[in-house]
Amino acid sequence: MIDVNQQWNINTAMTWGKRLEEFDLYWLEEPLNPDDVLNHRKLADALNVPIALGEHVYSKYAFRDYIHQGAVEYVQVDVTRVGSITEWQQVAGLAASYDLPIWDRQKPSQRKQPYSFHDRYGTAWCRRT
């Protein structure tokens, strides 16, 4: 896994993404600005490295756009950033309908909180990072 933390533009992401394919990465995380759905899709279509994102995606509507466009392969929704347990569950349900895994983006100190427990263990396709 490589976390780019939104630092690349599309040209850099294409260049380095292609170079990194030989290493059989599990994913390339947040390679571009989180508002750039179109270029994330171009990147996902062009590379043999899955795209992961969500740490800086703040609404179910933004996740919907990424998922519907095929611009993400690992959904990293964080309940503390999307605004509610309900919205987290809605994103998780949408991801599940596309057979996309949800990856828990919470810090270890947050994992003891009740919402974290219920969301994580009530959602079979949720994994931790």
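Residues numbered from 1 in each chain as written. Predicted model: local features only at pLDDT ≥ 70, side-chain atom pairs only at ≥ 80, totals over all residues. Heavy atoms only, no water.

### Overview of the confidence of the model for the protein
Heads up, the rule is: Confidence scores per residue from the predictor, reported as pLDDT, run from 0 to 100. The secondary structure listing takes helices from DSSP runs of H or I that are at least 4 residues long and strands from runs of E that are at least 2 residues long, numbered from the N terminus. The contact rule is simple, with two residues in contact once any of their heavy atoms fall within 4.5 Å.
With 80% of its residues at a pLDDT of at least 70, the protein reaches an overall mean of 86. When mean pLDDT is taken per element in the protein, helix H2 (residues 37–46) scores highest with 98 and helix H6 (residues 114–121) scores lowest with 48. Overall, residues 111–115 carries pLDDT values under 50, and its contacts beyond four positions in sequence, including any with other chains, amount to eleven contacts.

### Observations concerning helix H1 (residues 10–20)
Spelled out, the test is: Exposure classes here rest on a 1.4 Å probe applied to the protein chains alone. A residue is buried below 20% of its type maximum, exposed above 50%, and partly exposed in between. What the arc describes is the spread of directions from the helix axis to the C-beta atoms. A 3.5 Å cut-off defines polar contacts: any pair of N or O atoms within that distance qualifies, except that in protein one atom must be a possible hydrogen donor and the other a possible acceptor, and neighbouring residues in sequence count only when both atoms are side-chain atoms.
The complete set of buried residues in H1 reads Ala13, Gly17 and Leu20. Projected down its long axis, H1 shows its buried positions confined to an angular sector of 65°, all on one face. The secondary structure elements touched by the buried residues of H1 are strand E1 (2–3), strand E2 (28–29) and H2. Sitting at the amino-terminal end of H1 is Asn9, which places a side-chain oxygen 3.0 Å from the backbone nitrogen of Asn11.

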